[in-house]
Amino acid sequence: MSSKSDFSDSRRNFLGSTLLLTSGMVFSGFPSVAGFENYWKGNLPVPFPHFPSLLHAFVWRNWNLVPNERMASVLGTNPTQILELGKAMGLGEPSSVSEEQWRRSYITIIRRNWHLLPKSQLKDLLGWTAEHLDFILQEDDFLYIKLGSLKPDNERITWNIRSPKIQEAEKWIQNVLKEEFSSPTLGQREELFHFVKELSTIPTQKEKPLESGFSPRYGYGYFTLFGDPLLDAELDPFPEGYLERMASSGLDGTWMHIVLSKLTPFPWDPALSKGWEQRLANLKKLVTKCKNHGIGIYLYLNEPRYMPLSFYEKYPQFRGVTRGESASLCTSVPEVQQYLVEAITYIVSVVPDLAGFFSITASENPTNCWSHFQGADCPRCGPRGPEQVIAELNTLYEKGIRQGIAKYNTTNEVKYEGAGPSLIAWDWGWRDGWADKLLPNLPKNTALMSVSEWDLEIERGGIAGKVGEYSISAVGPGPRAKRHWALARKHNLKIIAKIQAGTTWECGGLPYVPALENVAQHAVNLRKEKVGGLMTGWTLGGYPGSPNLEVVSVVGSDPDISVREALDKVAERRYGPAAGAVVEAWYGFSAAFREFPYHIGVVYNAPVHSGPANLLWEKPTGYSATMVGFGYDDLKKWRSIYPEEVFIRQLYKVAAGFESAIHTLRLKTANLTLDADQSTELNGEMRIAEAVAVLYRSVANQADFVRNRDLLASDTAPKSRQQLKKKLEELLRSEIALAKRLYELQSMDSRIGFEASNHYFYIPDDLKEKVLNCRYLLENWVGGF
């Protein structure tokens, strides 16, 4: 999601593509770059010459994630041969893949194999039907967009006999791993998703939540699946121990993604709703379970979804705006209005203890005729205008909620006490000026939610810009939110701020960014603004053990507490004797983070979430970076409004600021006596901070690499070839060091690299692959000039 109208479609429109070698390609000579010249032409996927063949890339990339038996089945071989090939490349004994890991890793598996397999083999690898794969690509937080809205025409990979040249290449890989990963410290390993076990365990000491002036305070579950979380009752999105920790962190709510036609019967095509009874029953159980811990559940409401054009052959009277091969269910049509009201009525009548719904009526999925600003094309909605259509749509939602409570009370002897679920109307994506006419027509018991930092003016490296959203580097609230909140107050609507308290797409693959001064100052500013409640994050940043959520809770609990006092209170509880040094580090991290070259294009396109795991190529790939997906080598999209030099310099500045603060923190705490819990907290804090530094230094390196690589190929390079070669060698060696360090950090801390809607952006084996990638370029490209 993003800020101004020119950003409003960004979650759908960041397109690109990807990939690897076609399956028949092997080394024409060990190892040779020249044999891959043609792979940058046409629509063929990008090459991975550091592997002898696609077969090797497939085995490497699925090791420790996919059982050998499943890999063997897909390739048409047996598990023994898979094991032999993995060990020939120097991979250790594969980890056992638990059922829970398998269910939580499907996006990580899709992303790494998107570059390798045709869809037919990909579905077989996952054990899915083609229909289920298509549903996940569409509904799992825009996964298909994140993958570039393109599936390359990959050939099938099959088992091949390994020639002597291939075996020589395997030995090269094995030797590189021995040379680069022989240190004993690199052998420490915390299994993937270990944090799920930790967070699910009932805490030995129950922390009483602080009373807060902010209500609600809801955020996404740290490891809750996104696409269809209510269908699988066995994979608990909210274990008891997790709920206790969520409540202790200061949250009183969470939210879940739903599709209305999957949760209630779709009247015009019942087959579309298969499994709705199970989903609704599971929702009811979860709502009861969460309520016992003081946690309410809010449902994402982005409805009604577009339908394929074939649907309108039978129901032409419902058709609104057409986009490609689908069209909107026009919400100005009485039958569509009735469907929406009755669907929500039914949900609430079965689950009256829902905390509420939050509506997104502009952007995200295509829904109402004005949701993507093309409502003028609808003969019904066009003359009415977006303000009337969207206000009416929220009124329909709210009507369904009230009717749901009334229906419950008429069908149950014990009447429901209280107001029932609430409706939060989110103004995300509304064009400037819409709120003036829209807010007066919202139901009076509706709350208005605005992204706090929206339209905030910033300057980074001398470049002026504005914040869209997803920012901890810029401290809100901004002028758009303030303007909308003032209008809402005028019409007696409650106001809610959507913030990112834990982390943002500035650095999405970490449980939190320890820039606590920025987070605390934002909370203080919102308290002064008399904001009623908070949405503390989208799918990222919901880690319940973060000091970030705690400091927001502390600020909300005391109307007079200052930023420094709030930081001291959090640090003293967590770190005891080290509190002062940690607070000093938080100020250092926050100052460094305020140098981040923010732009919505940067946070969506630059490889800030994967850092060293993003590979390098000796020639431009020609592919476009995708939304929090594949970074490729698309420096132009990475840097967005920033000149190359400024973009690179600012990232190095952020990394250096974190490194300096970490160094000081280590010096000041080296001789302190901490108890076991304090020591664990401090070590975890330093790991997360160091990961931030590694990620940003790596992105700066990669940007500098692409810039110098392209200069080397030009006829007007300002530096000599020897100077450029030396710089490229320096950057490749730095990337090796950063990949190895992040490998070490992630191996010790399974939280690193994970985010709920993307699963693992990278795993330790990907960082080993980056080392292979850099070593190959050093030995066969830089060294070959």
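Nothing here was measured: the structure is a model prediction, and the numbers come from that model.

A. Structural detail: the pattern of salt bridges. The final tally for this structure, using the stated rule, is 47 salt bridges. Between Glu234 and Arg103 there is a salt bridge; the shortest N-O distance is 3.1 Å. Note that Glu234 is positioned in the loop between β1 (217-220) and α12 (240-248) and Arg103 in helix α5 (residues 99-104), a separation of 131 residues in sequence.

B. Representation of the packing of helix α2 (residues 54-62) against helix α3 (residues 68-75). One way to put it is that α2 packs onto α3 with a least axis distance of 11 Å and a crossing angle of 155°. The angle between the axes of α2 and α3 places the two elements in the roughly antiparallel class. Regarding α2 and α3, the two cross each other, and that crossing is right-handed. Note on element contacts: α3 touches α2 through Met71, Val74 and Leu75, opposite Leu55, Phe58, Val59 and Asn62. In terms of residue class, the contact of α2 with α3 is built from six nonpolar, one polar and no charged.

C. Inspection of the pairing of strand β8 (residues 422-426) at higher detail. With four of its five residues buried, β8 lies for the most part within the structure. Pairing of strand β7 (residues 356-360) with β8 involves five bridges; the strand directions are parallel. Looking across to β8, one finds that Phe357 is bridged to Leu423. As for the winding sense of the linkage, the β-α-β connection from β7 through helix α16 (residues 381-411) to β8 is right-handed. With three bridges connecting them, β8 and strand β9 (residues 447-451) associate as parallel partners. Note on β9: the bridge partner recorded for Trp426 is Met449.

D. Main features of the sheet that holds strand β5 (residues 319-323). Reading across from one edge, β4-β6-β5 is the order of the three strands in this open sheet, with antiparallel pairing throughout. Looking at which strands have only one partner, the edges of the open sheet turn out to be β4 (307-308) and β5. Sheet topology places β4 next to strand β6 (residues 326-329); two bridges connect them, and they run antiparallel. Across the sheet, residue Pro308 finds its bridge partner in β6, namely Ser326.

Analysis parameters
- Each chain has its residues counted from 1, following the order in which its sequence is written.
- Local features in this predicted model are restricted to residues of pLDDT 70 or higher, and side-chain atom pairs are both shown and tallied only at a pLDDT of 80 or more, whereas totals for entire chains, interfaces and linings draw on every residue.
- Just so you know, side-chain values use all the structure's heavy atoms and leave hydrogens and water out.
- Should a side-chain nitrogen of Lys or Arg be within 4 Å of a carboxyl oxygen of Asp or Glu, the pair is scored as a salt bridge.
- Strands here mean DSSP runs of E at least two residues long; helices mean DSSP runs of H or I at least four residues long; both are numbered from the N terminus.
- Axis geometry follows a simple rule: fit a line to the C-alpha atoms, using only the stretch in contact for helices, then measure angles between N-to-C directions, giving values from 0 to 180 degrees.
- Working definition: roughly parallel below 35 degrees, roughly antiparallel above 145 degrees, roughly perpendicular at 65 to 115 degrees, and oblique for all remaining angles.
- Each helix crossing is assigned a hand: it is left-handed if the near helix lies turned anticlockwise from the far helix by less than a right angle, otherwise right-handed if that turn is clockwise.
- Whether two residues touch is decided by their heavy atoms; if any such pair falls within 4.5 Å, the residues are in contact.
- We call Asp, Glu, Lys and Arg charged. Ala, Val, Leu, Ile, Met, Phe, Trp, Tyr, Cys and Pro are nonpolar, and the rest, Gly among them, are polar.
- Throughout, exposure labels follow a simple rule: accessible area from a 1.4 Å probe, protein chains only, divided by the maximum for the residue type, with under 20% read as buried, over 50% as exposed, and the rest as partly exposed.
- Strand pairing follows a simple DSSP-based rule, namely that at least 2 bridges must link the two strands.
- Crossover handedness is defined here as right-handed if the route from the first strand over the helix to the second strand goes clockwise, with the strands pointing away from the viewer.

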